[in-house]
Amino acid sequence: MRALIPTGNPETLTELGEVELPTPQRHEALIRVTDVALNRADFLYLSAPSTTFRPGIDAAGVVAKAAVDGSGPAEGSRVALHLPSGGGAAEYVAASADRLAVVPDNVDSADAAALPLGGLVAQRLLALAGPLEGRRILATGVGGGVGQVLIQLAVAEGAEITAVAAQGQPTDHMAALGAKIALDIDAVEDTAFDIVLESVGGDLGSKTAHKLRPGGQFLWFGQASGSPITLDFFRQVQGGASLTLRHFVYGDGDGSRDAEDMDALLDLASQGKLRVEIGRRDNWAGADSLLKEMAAGRLRGKAVLGVD
């Protein structure tokens, strides 16, 4: 069968190739894939030297053969898949019930494919932050898939969220979802944010810590710039602001909650309470160019590939 495979060439990260058709175990369904969503993680894994990673952490498809043990969705069901190890960009994949969620009839398969990773990160990050009603959030790196879900969920729970964006980065979609926009962290004079959600790193990420009120939360969930944050203990003391720093990894645990959490996200989408913005849709032969656009920050929303 055909699948997107790594090339080992930094100029062309992935291409269509031939791989073996998966043989499902008793607890796994065989899924015919229709849509694959690309994430920044796909780019990072494919960029690693000597990688064997096959892209496709998030996908959607139709159950071609239900699991023999009776677990999971029935044959013919439309499903969203979350595969942390990748491999979803293929004509068929095998997946267990805890990696699958049935897609409601009124949710498009491309939207369903775009939800899992970004939605799970946003959902779990905000749960860690605690009750959000009336709280003020400063967030970096939220222009993509995680950000669009995060902004909607935070606003729906009564929080005020300010998104820090780079000059030239698309921001109208974030503003339309309810976020305030800041194009220069130094111009953010406010130092009374309850929560910082930081995923860029470097100088920008480091400066956000000084925008917290005393006792505020600093939730660290990424490092898109590749540069680490730097926190100066004595500068923090001089500013009079203590803080709680928490390193967040969405996949803590055994993954057994993934299907349940995806069900909740898809239910919100079905009710019209959660919208997925797809910035680009393409045939899967265009995966490499889309990955590069995403890495350069030129893509607003999600990128979804049709598998044919």
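## Considering the pairing of strand 9 (residues 160-164)
Okay, so step 1: Most of strand 9 sits out of view: 4 of its 5 residues are buried.
Okay, so step 2: As paired elements, strand 8 (residues 136-140) and strand 9 share 5 bridges and run parallel to each other. Paired with isoleucine 137 across the strands is isoleucine 161, a residue of strand 9.
Okay, so step 3: For the segment spanning strand 8, helix 4 (residues 145-156) and strand 9, crossover handedness is right-handed.

## Brief notes about the layout of surface pockets
Okay, so step 1: The computed volume of the second largest pocket comes to approximately 220 Å³.
Okay, so step 2: Considering the residues around the second largest pocket, the lining is formed by 18 residues, among which Leu83, Gly86, Gly87, Val93 and Ala94 are closest to the centre.
Okay, so step 3: When grouped by side-chain class, the residues that make up the lining of the second largest pocket number 8 nonpolar, 6 polar and 4 charged.

## Here's the deal with the sheet that holds strand 11 (residues 193-198)
Okay, so step 1: Strand order in the open sheet formed by 6 strands is 10-9-8-11-12-13, and the pairing between neighbours is parallel. Here the strands that pair on one side only, and so sit at the sheet edges, are strand 10 (180-182) and strand 13 (243-247). With direction set aside, neighbouring strand axes in the sheet form an average angle of 20 degrees.
Okay, so step 2: Here 3 bridges tie strand 9 to strand 10, and the two strands are oriented parallel to one another. The residue of strand 10 that forms the bridge with alanine 163 is isoleucine 181.
Okay, so step 3: On the sheet, helix 3 (residues 116-129) packs against strand 8, strand 11, strand 12 (212-220) and strand 13 and is oriented at approximately 150 degrees with respect to strand 12.

Cut-offs applied
- Residues numbered from 1 in each chain as written.
- Predicted model: local features only at pLDDT ≥ 70, side-chain atom pairs only at ≥ 80, totals over all residues.
- Heavy atoms only, no water.
- Buried < 20%, exposed > 50% of the residue type's maximum accessible area, 1.4 Å probe, protein only.
- Helix = DSSP H or I, 4+ residues; strand = E, 2+ residues; numbered from the N terminus.
- Pairing = 2+ DSSP bridges.
- Right-handed = clockwise from strand over helix to strand, strands pointing away.
- 1 Å grid on protein atoms, 1.4 Å probe; cavity = no way out; pocket = protein on both sides within 12 Å on 5 of 7 lines; lining within 4 Å.
- Points joined across faces, edges and corners; volume = space filled by probe spheres on them.
- Nonpolar A, V, L, I, M, F, W, Y, C, P; charged D, E, K, R; others polar.
- Axes fitted to C-alpha atoms, helices over the stretch in contact; angles between N-to-C directions.
- Contact = heavy atoms within 4.5 Å.

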